[in-house]
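Commentary on secondary and tertiary structure
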Amino acid sequence: MKTNKQTEENITSWFRLDTSAKIYPAIESPEEPTTFRLSMTLQEDIDADLLQHALNIIKPRFPYFNVYLRIGIFWHYLEQNPNPPIVWGETPFPCERLYPVYNNGFLYNIRIYKKRIAAEFLHVLTDGSGGFEFLKTLVCQYLILKGKLNDFPEGIMRGDEKPLPEEYEDAFLNVMKLEKEHLKTLPKQRTLFTKDSVFKIRGPILPLGHLRITRGTIPFGDLKSIAKTYNATVTELLSALYIEALIHVQHDQVKNKARHKPVGLTIPVNMRNFYPIRAMRNFSLFVVPRTDPKKVNSFEDIILSLKDYMKGHITRDNLLMMVKDNCTLGESTLIRSVPVFIKNLVIRYISNTQGHSQFSGVITNLGAARLPAEMEQHVDDVNIVLGPSIHSLTACAVIGYKDRIHINFGRINKEPLIEKHLFRRLVEMGAHVSIKTN
Amino acid sequence: MSYCVHCGVKLAEYHEACPLCHTKVMDPNAKIDPQTRDYPVYREYLSGRSTNHMRRLLAGTILTSVFSMYCIILLLVNFIVNRQFSWSLIPVWSLMYLWFTVAYPFFRIKNTFFRLYTYDSFATAVYLLVLNLIISGDVHWAKFAASGIIFIWIIMNGIFISERVKKWIPMIAYYIIASVLFTALFAFMLIDTASIPTLILPIYLAVLFFALLSFFMIKALVFDLYNFLAIIFFHASLLSVAIDLIVSNFLTQSYSLGWSLVVISALLPLSLTALMLRNIKKLRTYVAKKFHR
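All figures in this text were calculated on a predicted structure; none of them were measured in a lab. (Residues numbered from 1 in each chain as written. Chains lettered and ligands numbered in written order. Predicted model: local features only at pLDDT ≥ 70, side-chain atom pairs only at ≥ 80, totals over all residues. Heavy atoms only, no water.)

So, the confidence of the model for chain B
Residue and element names in this part refer to chain B. What counts, and what does not: Each residue carries a pLDDT score, the predictor's confidence in it, ranging from 0 to 100. Any two residues whose heavy atoms approach within 4.5 Å at even a single point are treated as in contact.
Here chain B averages 79 in pLDDT, while 81% of its residues score no lower than 70. This model gives residues 44-49 a pLDDT under 50, and the stretch forms 10 contacts once residues within four places in sequence are excluded. For residues 285-293, every residue scores under 50 in pLDDT, and the model assigns this stretch 20 contacts once sequence neighbours within four places are set aside. Interface predicted TM-score (ipTM) for the complex: 0.81; the corresponding pTM is 0.66.

Quick look at the packing of aromatic side chains
Rule in force here: Pairing of aromatic rings covers Phe, Tyr and the six-membered ring of Trp, with a centre-to-centre limit of 6.5 Å; geometry is then stacked below 30 degrees between planes, edge-to-face above 60, and tilted otherwise. Where helices and strands are cited, they refer to DSSP runs of H or I of at least four residues and of E of at least two residues respectively, numbered from the N terminus. Criterion for a charge above a ring: Arg CZ or Lys NZ at most 6 Å from the ring centre, at most 35 degrees from the ring normal.
Overall, the coordinates contain 29 aromatic pairs over all chains when judged by the stated rule. Where Trp93 of chain B meets Tyr127 of chain B, the ring centres are 6.3 Å apart and the plane angle is 20°; that geometry is what we call stacked. Pair noted here: Trp93 of chain B is in helix α2 (residues 89-107) and Tyr127 of chain B is in helix α3 (residues 113-136), with a separation of 34 residues, a long-range link. Among the aromatic residues, those joined into a ring-pair cluster are Phe15, Phe36, Phe62, Tyr64, Phe65, Phe106, Tyr108, Phe121, Phe134 and Tyr168 of chain A. Seen from the ring of Tyr275 of chain A, Arg316 of chain A lies directly overhead, with NZ or CZ sitting 4.5 Å from the centre. Looking at Lys343 of chain A, its charged tip hangs above the ring of Trp75 of chain A, at a distance of 3.8 Å from the centre.

A look at the pairing of strand β3 (residues 67-71) of chain A
In summary, the side chains of a regular strand alternate between the two faces of the sheet. Residues and elements named next belong to chain A. The condition is simple: In short, DSSP must find at least two bridges between two strands for them to pair.
For β3 and strand β4 (residues 76-80), the ladder comprises 5 bridges, and the chain directions are antiparallel. Opposite Tyr68, over in β4, you have Glu79 as the bridge partner. What sits between the antiparallel neighbours β3 and β4 is a turn of 4 residues.

Comments concerning a positive patch on the surface
The following threshold applies: Residues forming no salt bridge and having over 30% relative accessible area are the ones grouped into patches, like charges within 9 Å of each other and nonpolar side chains (Val, Leu, Ile, Met, Phe, Trp, Tyr) within 5 Å. Method for areas: the Shrake-Rupley scheme with a 1.4 Å probe, in which residue coverage is limited to the protein chains shown. Whenever a carboxyl oxygen of Asp or Glu lies within 4 Å of a side-chain nitrogen of Lys or Arg, that contact is scored as a salt bridge. All tallies of charge rest on Lys and Arg as positive and Asp and Glu as negative; His and the ends of each chain are not included. The atom standing in for a charge is NZ when the residue is Lys, CZ when it is Arg, CG when it is Asp and CD when it is Glu.
A grouping of Arg202, Arg259 and Lys261 of chain A together with Lys110, Arg115 and Arg164 of chain B is seen on the molecular surface, where their side chains present a positively charged patch. Locating Arg115 of chain B in the fold gives a position in helix α3.

Considerations on the sheet that holds β3 of chain A
Residue and element names in this part refer to chain A. Spelled out, the test is: To obtain an axis, a line is fitted to C-alpha atoms, over the contacting stretch when the element is a helix, and the angle between two such axes runs from 0 to 180 degrees between their N-to-C directions.
With respect to topology, 3 strands assemble into an open sheet ordered β1-β4-β3, the strand pairing being antiparallel. Each of the sheet's edge strands pairs with one partner strand only, and the pair in question is β1 (14-16) and β3. Taking each pair of neighbouring strands and ignoring which way they run, the sheet shows an average axis angle of 30°.

Printed below as a string of structure tokens:
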């Protein structure tokens, strides 16, 4: 306990929002909850009291997650929350909107259901990779209390060590410092008001707060061999299938071909793969490949154009340009001097009129979830769910664990339009797909 | 374990139909064990569009009944006391206008912002014209107010059309034609030219300013009827203050507040009520989620 107290004293009592988190307080709403969920399924039913104890123990290790979201004059900020975090029962709708006021002020939720421990985060706090590190430590601490493990295995953040400044500092600004000289040679890239809008899925939507999850589980070997036939990665294959599904949906919903719009897909890029920064808060950027249905004749066309796009855009220089643009905008004296309520209005206005018209769907691939061998034998499954929003009725999240890959679709439209096409196509290509829903 | 005959995917044990294409699983002997579900089940009767529609219909019917009751009482009292319908026509006509703007949207399945705005604009214009006719037997002042409202509608209509058309030439042509027609109409109606710079123009500018401010704020805070109402009521009360000040300056050469205080005392509580209702709705949603079976 002494160590924990010391840790608490040494850490700052409040944190600035990181560069990419600055927009989330403005755009977060019941229609756009900006939540995602990571879960681990163990081999036995979860003991709620023991998990609560584990959560209390690791709380001081993650001071940047145990926070309130407060509003200042010019920006929102995160303030340390002295309350104990709560372990909740499961909800029928994962990734539902998180109300901190009913959650002791916390911006993340821990939920248990049978053998599963799930952590739901608001995006203002962290991204998938940061959240996964937290969940690993929580599950590890739980297994230690349960007597299944003796100590934290290597590769897991220990619950009793001090947090490093690198974990909670703004990783984007750290990149700017690291690449100071190189940045001078790069041009500006960002334009706030961008190209024409893309196709949006239409159709009736579920009542507010309701959400449908469709999880497809596929053996990793099946997906790998399919990707190999197209000489693509798994992310490229699934993104191309998503785009193909969007084109088909547009074909069904918009009868007049002359009015067909391009489809755009948001693909997050984990910046930790490019910079050795141990960031626990948001450290990812987005690329948005666009495909014009009028120029597409076959699936091969989509996958080729996508591969070209990824090759051209996911480069260190290009990502650095995006970091530079984002940071310059956030650090501009003019923007910093505007009161937060005006900023919120402007951000929401731009987001509603311009930002959301640039993509038709979202797909995120967290990659293969690797756990230390000692822990892996107690964890049966790992999963991720991304909450959709009114602007993108379907969102897809992919994660691999052991020999299988989970493709999770969260949707708020009534009909599973994208999932149906994507999974049927995968079956046609020879994959064995198992489906589960909420 | 079953497979969907259409999609070819393997289904979980608890699925009675394929979640992708809704094809029923053809095994009548299969027993569904609820314990195998991945998530708890939500009470189905709480969900569904029909329930929401029923609630809206109920709200509309209640409001209609209340308004009708008031109208009947007012007409009866007037008839019993004066043996004719005289003063009661004004509140009855006002209640009919209120019904159209508040209760009628509940009966419509699809309410877009622009449709509501169009209905309300034209309803307000007609309301003012008839009100003037009832009070003084002509449309002397109401024609200016009504033409102002239509003018604002023309501007807003231009904004909405520009979102769809996205071409400059038709939009400029639209505004030029609308402005020319409006100016011609206004010049035709105008009798007292001296009041333009001190009365009519400031009122039009105030209306234009608050209309655009409301539009921008509603666009930024979309999807919430309560926010929408709170903004409209709040801006309407500010607008009434502005108009009151302009009129008092025109008549007495000094700024003082009169009738607008009554309008504020009615609209500000309505605005606050709308905000409060919004929060209670949040609470209701939360309780429904947490106490599901």
